[in-house]
Amino acid sequence: LLFTSFNYLKRLFLQIFEKPFTEFILILLIGYIFLTIAESLSVVALLKVDSSIITFIKKSSTNQKMIMSVYNSNLKIWMWFIVSIIGPVMEETFFRVIFWNSIKKRTNNLIAYIITSIFFGLLHTFTTMIQGDVYHSILLTVPYTVAGLIFGYYRFQEDSTSPGLWMHIISNFM
């Protein structure tokens with residue numbers, strides 16, 4: 001996975017320069033705005049389904065706790081690097097390259113897009129799920145699956161993983 005991630009990262013940097021830089025920045029900006037709106041709407045929808053989800057999010061979102069621990073750590077720069085750079089590179093390498101290609105060989109691009117997005121969402125709530133509250137964990141999977149759909153969009157439409165990775169990095173950084 002580390003070797004694949006390194007090669008993937010190298011290709012991503014090369015992909016940046018295939019399009020005009022301003023177009024790439026515009027894609028990232030629009031994508032990030034869309035990501036923020038879509039995740040917000042998915043949380044609002046979850047609140048309509050079950051208003052107790054907000055209490056669960058505040059006390060139990062393991063993924064969010066890990067990201068927030070960066071700000072409370074003595075090793076802030078190192079932790080920031082892991083959460084904002086290494087995590088997204090490893091996740092995007094696995095979901096948009098390795099797992100995607102494996103599913104695509106057996107099915108097609110659309111099925112790979114949907115399945116990898118769902119598993120991306122499940123990954124981010126897995127530790128919370130095994131701690132006991134399966135119902136709320138499944139509900140929490142929705143915003144992460146939405147993020148997976150957005151990160152995977154360019155992989156699906158243009159066979160490019162670069163915009164999704166950069167949106168993921170920006171999302172974790174913010």
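All values derive from a computational prediction rather than experimental measurement.

Thresholds applied
Residues numbered from 1 in each chain as written. Predicted model: local features only at pLDDT ≥ 70, side-chain atom pairs only at ≥ 80, totals over all residues. Heavy atoms only, no water. Helix = DSSP H or I, 4+ residues; strand = E, 2+ residues; numbered from the N terminus. Buried < 20%, exposed > 50% of the residue type's maximum accessible area, 1.4 Å probe, protein only. Areas by Shrake-Rupley, 256 points an atom, 1.4 Å probe, with all protein chains shown as cover. Contact = heavy atoms within 4.5 Å. Phe/Tyr/Trp six-rings, centres within 6.5 Å; stacked < 30°, edge-to-face > 60°. Expected span 1.5 Å × (residues − 1). Bend = angle between axes of the 7 residues up to and from the residue. Salt bridge = Lys/Arg side-chain N within 4 Å of Asp/Glu carboxyl O.

Draft legend 1. Representation of the overall build of the protein chain. Scanning the protein chain for helices and strands turns up nine helices and zero strands. Its helices and strands in sequence order give the protein chain the pattern α-α-α-α-α-α-α-α-α, from N to C terminus. Sorting the 174 residues of the protein chain into buried and exposed places 40% on the buried side. When the accessible surface of the protein chain is split by element, carbon and sulfur atoms take 72% of a total near 10,000 Å².

Draft legend 2. The environment of I170, seen in detail. Structurally, the position occupied by I170 is in helix α9 (residues 162–173). Considered as a pair, I170 and Y32 are 138 residues apart in the sequence and their alpha carbons are 7.8 Å apart. Every residue in contact with I170, bar those within four places of it in the chain, is listed here: L28 and Y32.

Draft legend 3. The arrangement of the packing of aromatic side chains in detail. Taken as a whole and assessed by the stated rule, the structure comprises nine aromatic pairs. Between the aromatic rings of F95 and F99, the centroid separation amounts to 6.3 Å while the plane-to-plane angle is 70 degrees, which identifies the pairing as edge-to-face. One end of the pair, F95, and the other, F99, are both in helix α5 (residues 76–106), four residues apart, so they sit about a helical turn from each other. By the burial criterion, F95 is buried, and F99 matches it. Ring plane angle 50 degrees and centroid distance 6.1 Å describe the contact between W100 and Y113, whose orientation is recorded as tilted.

Draft legend 4. Structural context of helix α8 (residues 134–158). Along its 25 residues, α8 runs 35 Å from first to last C-alpha, staying within 8% of the 36 Å computed at 1.5 Å per residue. The largest bend in α8 amounts to roughly 40 degrees and is located at G152.

Draft legend 5. Molecular detail of the side chain of S84. On the secondary structure map, S84 appears in helix α5. Apart from residues lying up to four places away in sequence, S84 is in contact with I169, N172 and F173.

Draft legend 6. Structural detail: the pattern of salt bridges. Counted according to the given criterion, the structure contains two salt bridges. Among the ionic pairs, D159 bridges to R155, the shortest N-O distance being 2.3 Å. For R155, a relative accessible area of 6% gives the class buried.

Draft legend 7. Here's a closer look at α9. With 12 residues, α9 should reach 16 Å at 1.5 Å per residue; the first-to-last C-alpha distance of 16 Å fits that figure. Among all positions in α9, only S162, P163, G164, L165, W166, M167, H168, I169 and N172 are buried.

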